[in-house]
Amino acid sequence: MAIKLFIPGPTIVSEDILQEMSLPMIGHRSAKASEIQKRISDNMQKVLFTDNRILLSTSSGSGLMEGAIRSCTAKRAAVFSVGAFGDKWYKMAIANGIPAEKFSSEMGEPTTPEMVDAALSTGKYDLITVTHNETSSGIQNPVEEIAEVMKKYPDVVWCVDAVSSAAGSKIETDKLGIDVLITSTQKALALPPGLAICAMSRKAYERTAEVPNRGLYFDLRTLWDFIDKKNYQYTSTPCLSLMYALDKQLQKIVNEEGIEARFARHEQCAEFTRAWADEYFRVYPNRKYLSKTLTVIDAHPKGCDELISIPALNKALAERNMQLGNGYGGLKDKTFRIAHMGELTLDDMKEITSAVVDVLKLG
Ligand SMILES: *Cc1c(COP(=O)(O)O)cnc(C)c1O
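Residues numbered from 1 in each chain as written. Predicted model: local features only at pLDDT ≥ 70, side-chain atom pairs only at ≥ 80, totals over all residues. Heavy atoms only, no water.

**A short note on the overall build of the protein**
Moving on, step 1. Regarding its fold elements, the protein presents 13 helices and 14 strands.
Moving on, step 2. Taken over C-alpha atoms, the radius of gyration comes to 20 Å for the protein, in line with the 21 Å a tight globule of 363 residues would show.
Moving on, step 3. In terms of its C-alpha atoms, the protein occupies a principal-axis envelope of roughly 60 × 55 × 35 Å.
Moving on, step 4. Taking all 363 residues of the protein together, 57% fall into the buried category.
Moving on, step 5. Counting only contacts in the protein whose residues sit at least 6 apart along the sequence, the fraction spanning at least 24 positions is 71%.
Moving on, step 6. Taken as a whole, the protein presents about 14600 Å² of accessible surface, with 52% of it coming from carbon and sulfur.
Moving on, step 7. For the protein, the centre of its 43 positive side-chain charges and the centre of its 46 negative side-chain charges are spaced 4 Å apart. (Helix = DSSP H or I, 4+ residues; strand = E, 2+ residues; numbered from the N terminus. Rg over C-alpha atoms; globule rule 2.2 N^0.38 Å. Buried < 20%, exposed > 50% of the residue type's maximum accessible area, 1.4 Å probe, protein only. Contact = heavy atoms within 4.5 Å. Areas by Shrake-Rupley, 256 points an atom, 1.4 Å probe, with all protein chains shown as cover. Lys, Arg positive; Asp, Glu negative; His and termini not counted. Charge placed at Lys NZ, Arg CZ, Asp CG, Glu CD.)

Pasting the structure below:
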């Protein structure tokens, strides 16, 4: 029996979607490939509430994060970090020779609109990156408030890492004015890893013309132009198997479950998991900004000075065919993470949380 994953990616993939991955290959320059990719693009636009161009990349989400900061920074990037994945975006900028500054929040705290305003008012930056959902600390940043600030800076390109939230948490890309919104397949989309997806605005596209060295494989301008010229096809051979799966999964999300129902299910699982965490532990991040797709929990049980052993907990859970996430980066062994993203339901959350109570004899 497959192990039931409560880690924040990869998440459980349903059986019918896994079967899509075993279908025969087609030519990636065929009309059929264009048709699949056009349908993916149309449905992805619905899930992300956008008319922006959808670009796919055969890589994990990090590929397009690196591509976005490299392709769209002409002057200097301001990277807002609330944890490990924000830090990674800054490292990508530096590794590519992109002038960049990092603006970090304390762990468990959000990027505030005031921080963004203070940085942009200097006039030094033409691009910012914000993490929508920080998978290390369990923060969901206040992008609606940040969007208000961004209205004052219409020339700045706004990139958002929504890798662990898109398709699980509602993000109204166009209403917020996000220029490059990035996600990948193995988190709330509940697919195997291997494809990155972004929604890119014309403003971001136009910026790329001012950037001389954009690389090639992850150059967003090359991808955009190729789709225009070749009817939704890609510059190199894409992972067709994952495209079949993504195509089918998006049709299920849009036409069967319904986008709003999917968000409501994530919200319901989040509320249940937080309430449970409050009863036996403590939710780690600032409560005003809690993620809807995972809960990060302080590993001290209530009224106890000693940390639980997360490896031992996972070992016991493995006997019950379940796995949860240890903390990430500096929060490893100090926090643990229960994901409620993808296909997980309220019943699943009841199952994992009662197993934890049972294993740790918290009851
Ligand atoms: C998982 C994750 C990433 C990295 O995505 P990959 O698809 O593994 O490259 C980036 N940002 C966040 C917030 C994530 O959760």
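**Looking at empty space enclosed by the protein**
Moving on, step 1. This model, assessed by the stated rule, comprises three cavities of 30 Å³ or more.
Moving on, step 2. Quantified by volume, the largest cavity comes out at close to 100 Å³.
Moving on, step 3. The wall of the largest cavity is formed by Leu56, Ser57, Thr58, Leu195, Tyr217, Leu223, Tyr234, Thr235, Ser236, Thr237, Pro238 and Met243.
Moving on, step 4. Tallied by class, residues from the lining of the largest cavity come to seven nonpolar, five polar and no charged.
Moving on, step 5. Taken as a whole, the second largest cavity holds about 40 Å³ of empty space.
Moving on, step 6. Lining the second largest cavity, in full, are Gln37, Ile40, Ser41, Ile54, Leu56, Ile227, Tyr232 and Tyr234.
Moving on, step 7. Counting only elements with at least two residues in the lining of the second largest cavity, the list comes to helix H2 (31-47) and strand E2 (53-57). (1 Å grid on protein atoms, 1.4 Å probe; cavity = no way out; pocket = protein on both sides within 12 Å on 5 of 7 lines; lining within 4 Å. Points joined across faces, edges and corners; volume = space filled by probe spheres on them. Nonpolar A, V, L, I, M, F, W, Y, C, P; charged D, E, K, R; others polar.)

**Some remarks on the nonpolar core**
Moving on, step 1. Ranked by size, the top nonpolar core spans 85 residues in total, and within it Ile128, Trp158, Val180, Ile182, Leu189, Met200 and Leu246 carry the most contacts.
Moving on, step 2. A per-element tally of this core places helix H10 (residues 240-257) first, with nine residues.
Moving on, step 3. Val180 has contacts with Ala68, Trp158, Cys159, Val160, Cys198, Ala199, Met200, Ala204 and Leu220, leaving out every residue within four places of it along the chain.
Moving on, step 4. Listed in part, the 24 residues of the second largest apolar core include Phe6, Cys269, Trp276 and Ala277. (Core = buried A, V, L, I, M, F, W, Y, C linked by side-chain atoms within 4.5 Å.)

**Focus: the environment of Ser22**
Moving on, step 1. Topologically, Ser22 is positioned in the loop between helix H1 (15-20) and H2.
Moving on, step 2. A distance of 2.8 Å separates a polar side-chain atom of Ser22 from the backbone oxygen of Gln19. (Polar contact = N/O pair within 3.5 Å; in protein donor to acceptor, adjacent residues only side chain to side chain.)

**Re the sheet that holds strand E13 (residues 322-326)**
Moving on, step 1. Ordered by their spatial adjacency, five strands build an open sheet running E1-E13-E14-E12-E11, and the pairing between neighbours is mixed. Since the sheet does not close on itself, it has two edges, and those belong to strand E1 (4-6) and strand E11 (282-283), each with one partner.
Moving on, step 2. Pairing of E11 with strand E12 (residues 294-298) involves two bridges; the strand directions are antiparallel. Bridge pairing in E12 links Val283 to Ile297.
Moving on, step 3. In the packing of helix H12 (residues 310-319) onto the sheet, the strands contacted are E13 and strand E14 (335-339), and the crossing angle to E13 comes to about 165°. (Pairing = 2+ DSSP bridges. Axes fitted to C-alpha atoms, helices over the stretch in contact; angles between N-to-C directions.)

**Remarks on the site of the ligand**
Moving on, step 1. Around the ligand lies a shell of 13 residues, among which Ser60, Ser62, Thr135, Asp161 and Lys187 are the nearest.
Moving on, step 2. Within the side chain of Ser62, an N or O atom sits 2.5 Å from an oxygen atom of the ligand.
Moving on, step 3. Here an oxygen atom of the ligand and a side-chain polar atom of Gln186 are 2.9 Å apart.
Moving on, step 4. For the shell around the ligand, the residue count by class is three nonpolar, eight polar and two charged. (Near = heavy atom within 4 Å.)

**Notes on the pairing of E13**
Moving on, step 1. When you tally the buried positions in E13, you get four out of five residues, the bulk of the element.
Moving on, step 2. Examined bridge by bridge, E1 and E13 share three bridges and lie parallel to one another. Within the sheet, the bridge partner assigned to Lys4 lies in E13 and is Met322.
Moving on, step 3. Note that E13 and E14 share two bridges and pair antiparallel.

**What about unusual backbone geometry?**
Moving on, step 1. Cis geometry marks the peptide bond from Gly9 to Pro10; its omega dihedral reads -5°.
Moving on, step 2. Positioned with a positive phi, Asn321 is a non-glycine residue whose angle comes to about 65°.
Moving on, step 3. Following the sequence through the fold, Asn321 ends up in the loop between H12 and E13.
Moving on, step 4. Positive phi values are uncommon outside glycine, yet Lys361 reaches one of about 50°.
Moving on, step 5. Looking at the secondary structure, you find Lys361 in the segment after helix H13 (346-360).

**Side note on the side chain of Ser169**
Moving on, step 1. As for its position among the elements, Ser169 is in the loop between strand E8 (157-161) and helix H7 (173-176).
Moving on, step 2. We classify Ser169 as buried; its relative accessible area is 2%.

**A word on the packing of aromatic side chains**
Moving on, step 1. Under the criterion given, the structure shown has nine aromatic pairs.
Moving on, step 2. Ring centres 5.9 Å apart and planes at 45° place the aromatic pair Trp276 and Tyr280 in the tilted group. Of this pair, Trp276 and Tyr280 both sit in helix H11 (residues 259-280), four residues apart, which is roughly one turn of the helix.
Moving on, step 3. On the basis of relative accessibility, which here comes to 19%, the residue Tyr280 falls in the buried class.
Moving on, step 4. When the ring centre of Phe85 is taken as origin, the NZ or CZ atom of Lys187, which lies over that ring, is 5.3 Å away. (Phe/Tyr/Trp six-rings, centres within 6.5 Å; stacked < 30°, edge-to-face > 60°. Lys NZ or Arg CZ within 6 Å of the ring centre and 35° of its normal.)

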